[in-house]
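# Survey of secondary and tertiary structure
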Amino acid sequence: MLWLCLSFPNLPIDIFSIGEETKEPVVIIESTNTIIASNNTSQHFGIKNGMTLSAAYVLSNFIQIKHRNKNQEIKKLEEVAISLFKYSSQISIRLPSSVLVEIGASIKLFRSTQHLTNQIAKTITDLGLHAHTALSPTPLGAIWLSRYRTNTTAFTIKDLSQYIDPLPTSIIESGNTSGMQLHDVGIKTIGQLARIPRSAVTQRWGTYALDQLDRAFGKKPDPQRPFSLPEHFNSEISLNLPASSVEEILFGIHRIIQSMTTYLQVKQRGVIQFELSIVNEEKLQHDFKFKLSVPSRNTKNLTHLVQERLNRESIPSRIESVQLRSIQEIAITPSNHSLLPHEEQCELNRGHLIDQLQARLGENSVYGITVCADHRPEKSWRETIPGNHQQHIKLNHRPSWLLRIPKALTSASDIPHLRGPLTIIDGPERIETGWWDDQDIKRDYFIALTQDHSQVWIYKDTTSNHWFLHGIFA
Amino acid sequence: MASPLLQSILPTHIWKGKEHKLNPLGYVPSGFTNIDESIHGWPLGTLMEIVPHQIGIGEFSILIPALARLSQDSRWILLVCPPHIPYAPFLSRMGVDTSKVIITHAQNINDAGWCMEQGLRSNSCSAVIGWIPQITEKMMRRLQLALEAKKVLGAFFTKPMTTYKNNPTPWRIIVRQADNETLIDIPKRRGGSPISGISISNLLHQTCCGFA
């Protein structure tokens, strides 16, 4: 087993730095008004972690203050975990800021450790994060090393001791013994602690410290709680600067959709319904629901859809964050490759075209049509969702255009007029009744010619004796 | 035909008068013998402007047998902004698989042009037909570009009165009525000389009987 630990010391600030890098110093504070993270500009001013806010104000007047958002940090770690599933199946999150990945089983697939770690590093950079990494045969060893000696690689337990021994005892967290207690009595490094007789340590400080030591050196099993995928994708991105146009938030949207598609890929699913929420400074939330006709996990297509939709609708100004939730996902079975590669692609494109048109024009402006088994002309067709299969019905001769609302025609001595008197060339065809849905009709239909030789479909309402234009043979 | 001497000195890629050049992407049979004989059918991958002189003379029906054939394919037939309801019983009777037909309505000409363009670019349509009376030259150019090199039937209907300075559409088809029969003039087509007066008389009768 070989564990790679990724630690994110800048996580509290990294989650806020999506989009443009600000020129102003930004600091993250916790409830006690102590700074726990800061951006490069702040560090340039001399602001350090652990300073109080008032001390920081002495160094710069323009600092932007943000409160730590622990929930979002956890979400971000989950996102990292999801994106690492393509490298390993054993991943666990170690709070506050580390992700453990067992890569030993994947080395062969990725040819070399170096190659694999490089790929992982690239994935992390793409997520906009800065990681400290370490490799060790034990999980705890990897965590400790990644926090203190970044870029360390220990392949065997033997190698491990030379790297772990110099680490300060303060690394042993919590439990009955705090690392500081050991430090105070002069046991400053892990190496020193390991050389003290075990009984003496247990007698004075209990078993916790030794237990941790044993786990780190692989003398005790150290099972990790595996990270499992959440039921639905749910993520949020905070923007660095408040944005007021679609273009400005597009980058963030692209990134969050990319996280969703990675999640879908791991789950082997495609999203069919999802919701995007845009939150502005006043915490007003605008929700946009998306419903697709085919499940998709294509970042480009989904981004395109969202962009079209947002361009059409009004979005709030001074947007602070963007949230994305998947509502319904459907399993996509990777299809067998068709002999004709074009066919398969076509099926996916077909659905995408509909979604794209609907995103821009609205759902009701894009539809299919079908024939219905009804003798009344206005009921023998209806709008459907595109691609609905047609019924097979025996049909009479019908015009190519039907008027949505029949147009009343003038008539003189029972001859209907449309740009002059009409000449009837075929008919009548009587179409009547419909008592079962209160849309009773009683009509005689004719095919007629206008003076300028256009062919039209007209009817005479036999109850009122009025003439109407109902279709055109275009 | 030019003299053999002239033939021999002219570079081969120069197109010569009456010589006919076939559309590289092929044609879809129009379903009308006269049309198929004179122009091989409707060209694919090249934009057609259809100008009916009046409404109700079978101007849409001239495309129907071709659409029926194209609807056997798995791709969509996209109708953008039709002036009335494309009547499903008619289409179905003519052999068009209505489950392949999508209709879109747009609020303005830009959206309508955009719809056609998306349809042409998507690789998922076998035919894209639009009714955009106020289409601009710029839009036609975009549509032609989107259509280029795709096996798609692309056409749009305009009004007879509209004239364009530099109409980039490679094909212009006029549908008119004379002496009780429908005639088709093709004043402009790529790789061929103008043709006028192709008769598709008894259009409706022919299409009815051919597919009923």
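All values derive from a computational prediction rather than experimental measurement.

## Section: the overall build of chain B
A count of helices and strands for chain B gives 7 helices and 11 strands. The proportion of buried residues among the 212 residues of chain B is 59%. Within chain B, contacts between residues separated by at least 24 positions form 67% of all contacts whose residues are at least 6 apart in sequence. As displayed, chain B has an accessible area near 9,000 Å², and 55% of this comes from carbon and sulfur atoms.

## Quick notes on the overall build of chain A
A tally of regular secondary structure across chain A gives 14 helices and 20 strands. Taken over C-alpha atoms, the radius of gyration comes to 35 Å for chain A, far larger than the 23 Å a tight globule of 474 residues would show. When the backbone C-alpha atoms are referred to their principal axes, chain A occupies close to 120 × 55 × 40 Å. Classification of the 474 residues of chain A by burial places 48% in the buried group. Counting contacts in chain A only where the partners sit at least 6 residues apart, residues at least 24 apart contribute 59% of the total. Split by element, the accessible area of chain A, about 23,800 Å² in all, is 50% carbon and sulfur. Charge separation in chain A, taken as the distance between the mean sites of 49 positive and 47 negative side-chain charges, equals 7 Å.

## Looking at a nonpolar patch on the surface
On the surface, Phe45(A), Val58(A) and Leu59(A) cluster together into a nonpolar patch covering about 280 Å² of accessible area. Within the secondary structure, Val58(A) sits in helix H3 (residues 53–59).

## Considering the sheet that holds strand S2 (residues 26–29) of chain A
Adjacent strands of a sheet form backbone hydrogen bonds with each other and so pair up, either parallel or antiparallel. Residue and element names in this part refer to chain A. A sheet is described by the order of its strands in space; here 3 strands give the open sequence S3-S2-S4, paired in mixed fashion. Bordering the open sheet on either side are strand S3 (35–38) and strand S4 (64–67), each of which pairs with just one other strand. The sheet shows a mean angle of 30 degrees between the axes of neighbouring strands, taken without regard to direction.

## Brief notes about the pattern of salt bridges
Pairing is possible between side chains that carry opposite charge, provided their charged atoms lie close to one another. All names here are of chain A. Under the criterion given, the structure shown has 30 salt bridges over all chains. Across the pair Arg215 and Asp222 runs a salt bridge, and its minimum N-O distance is 2.8 Å. Given the relative accessible area of 24%, Arg215 is considered partly exposed. The class of Asp222 is buried, set by a relative accessible area of 16%. The salt bridge involving Arg360 is made with Glu308; its shortest N-O contact spans 3.7 Å.

## A word on unusual backbone geometry
Residues and elements named next belong to chain A. Its identity is not glycine, yet Arg111 carries a phi of approximately 70 degrees, on the positive side. Tracing the chain through its elements places Arg111 in the loop between strand S6 (98–102) and helix H5 (113–126). Judged by its relative accessible area of 67%, Arg111 falls in the exposed class.

## Side note on the domain arrangement of chain A
When the parts come together, some accessible area is lost, and that loss is often what is quoted as the size of the interface. Residue and element names in this part refer to chain A. Per the domain assignment, the segments of chain A are domain 1 (3–164), domain 2 (234–359) and domain 3 (394–472). Computed over C-alpha atoms, the centres of domain 1 and domain 2 are 27 Å apart. Facing the 18 residues of domain 1 at the interface are 15 residues of domain 2. Counting each side, the surface lost to burial between domain 1 and domain 2 is near 1,500 Å², with a carbon and sulfur contribution of 55%. At the boundary of domain 1 and domain 2, one finds 0 salt bridges. Scanning the region where domain 1 abuts domain 2 turns up 3 residue pairs in polar contact (both at pLDDT 80 or more). If you tally residues by element for the side of domain 1 that touches domain 2, the top one is helix H4 (residues 70–84), at 5 residues.

## Here's the deal with the sheet that holds strand S11 (residues 285–296) of chain A
All names here are of chain A. Strand order in the open sheet made by the 4 strands is S9-S12-S10-S11, with antiparallel pairing throughout. On the outer flanks of this sheet lie strand S9 (234–243) and S11, each paired with one strand and no other. Geometrically, the sheet is characterised by an average inter-axis angle of 20 degrees between neighbouring strands, direction not taken into account. Packed onto the sheet, helix H12 (residues 246–267) meets S9, strand S10 (269–280), S11 and strand S12 (319–331) and runs at close to 25 degrees relative to S12.

## Quick notes on the interface of chain B and chain A
The partner chain A presents 46 residues to the 50 residues of chain B that form the contact. Carbon and sulfur atoms make up 62% of the area that chain B and chain A hide from each other, which totals about 4,300 Å². Sorting the residues of chain B by area buried against chain A places Ile85(B), Tyr87(B) and Trp114(B) first, and these three jointly supply 18% of that buried surface. Taken together, the connections running from chain B to chain A amount to 1 salt bridge. Residue Asp111(B) pairs with Arg360(A) through a salt bridge whose shortest N-O separation is 2.7 Å. Across the contact surface, chain B and chain A share 16 residue pairs in polar contact (both at pLDDT 80 or more).

## What about the packing of aromatic side chains?
According to the stated counting rule, one finds 13 aromatic pairs over all chains in the structure shown. Note on Phe274(A) and Phe290(A): the rings are 4.8 Å apart at their centroids and 10 degrees apart in plane angle, and the pair reads as stacked. Of the two residues, Phe274(A) sits in strand S10 while Phe290(A) sits in strand S11, which places them 16 residues apart along the sequence. Here the two residues Phe274(A) and Phe290(A) agree in accessibility, since each one is buried. An aromatic cluster of three or more residues is present, and its members are Tyr445(A), Trp457(A), Tyr459(A), Phe468(A) and Tyr87(B).

## Side note on the pairing of strand S5 (residues 91–94) of chain A
The pairing of S5(A) with S6(A) spans 4 bridges and is classified as antiparallel. Within the sheet, the bridge partner assigned to Ser92(A) lies in S6(A) and is Leu100(A).

## Some points on the environment of Ser98(A)
Residue and element names in this part refer to chain A. Tracing the chain through its elements places Ser98 in strand S6. Its relative accessible area of 0% is what places Ser98 among the buried residues. Sequence separation of Ser98 and Thr113 is 15 residues, and the distance between their C-alpha atoms is 20 Å. What Ser98 contacts, discounting residues up to four positions off in sequence, is Cys5, Leu6, Ser7, Leu77, Ser92, Ile93 and Arg147. Separated by 2.9 Å, the side chains of Ser98 and Ser7 make a polar contact.

## What about the packing of helix H6 (residues 139–148) of chain A against helix H11 (residues 208–216) of chain A?
Residues and elements named next belong to chain A. Running from N to C, H6 and H11 cross one another at 100 degrees; their axes reach a closest spacing of 6 Å. The orientation of H6 relative to H11 falls into the category roughly perpendicular. Of the residues in H11, those touching H6 at Leu140, Gly141 and Trp144 are Gln212, Arg215 and Ala216.

## Digging into the packing of H12(A) against helix H13 (residues 299–312) of chain A
All names here are of chain A. Their axes nearest at 9 Å, the elements H12 and H13 cross at an angle of 145 degrees. The element H12 and its partner H13 pack so that their crossing is right-handed. Contact with H12, carried on its side by Val246, Glu247, Ile249, Leu250, Ile253, His254, Ile257, Gln258, Met260 and Thr261, involves Thr299, Leu302, Thr303, Val306, Gln307, Leu310 and Asn311 of H13 and no other residues of that element. Of the residues in the contact of H12 with H13, the class split is 9 nonpolar, 7 polar and 1 charged.

Reading the values: rules and limits
- Residues numbered from 1 in each chain as written.
- Chains lettered and ligands numbered in written order.
- Predicted model: local features only at pLDDT ≥ 70, side-chain atom pairs only at ≥ 80, totals over all residues.
- Heavy atoms only, no water.
- Helix = DSSP H or I, 4+ residues; strand = E, 2+ residues; numbered from the N terminus.
- Buried < 20%, exposed > 50% of the residue type's maximum accessible area, 1.4 Å probe, protein only.
- Contact = heavy atoms within 4.5 Å.
- Areas by Shrake-Rupley, 256 points an atom, 1.4 Å probe, with all protein chains shown as cover.
- Rg over C-alpha atoms; globule rule 2.2 N^0.38 Å.
- Lys, Arg positive; Asp, Glu negative; His and termini not counted.
- Charge placed at Lys NZ, Arg CZ, Asp CG, Glu CD.
- Patch = residues over 30% accessible without salt bridge, like charges linked within 9 Å, V, L, I, M, F, W, Y side chains within 5 Å.
- Salt bridge = Lys/Arg side-chain N within 4 Å of Asp/Glu carboxyl O.
- Pairing = 2+ DSSP bridges.
- Axes fitted to C-alpha atoms, helices over the stretch in contact; angles between N-to-C directions.
- Domains from an automatic or database assignment.
- Buried area = accessible area lost by both parts, 1.4 Å probe.
- Polar contact = N/O pair within 3.5 Å; in protein donor to acceptor, adjacent residues only side chain to side chain.
- Phe/Tyr/Trp six-rings, centres within 6.5 Å; stacked < 30°, edge-to-face > 60°.
- Parallel < 35°, antiparallel > 145°, perpendicular 65-115°, else oblique.
- Left-handed = near helix turned anticlockwise from the far one by under 90°.
- Nonpolar A, V, L, I, M, F, W, Y, C, P; charged D, E, K, R; others polar.

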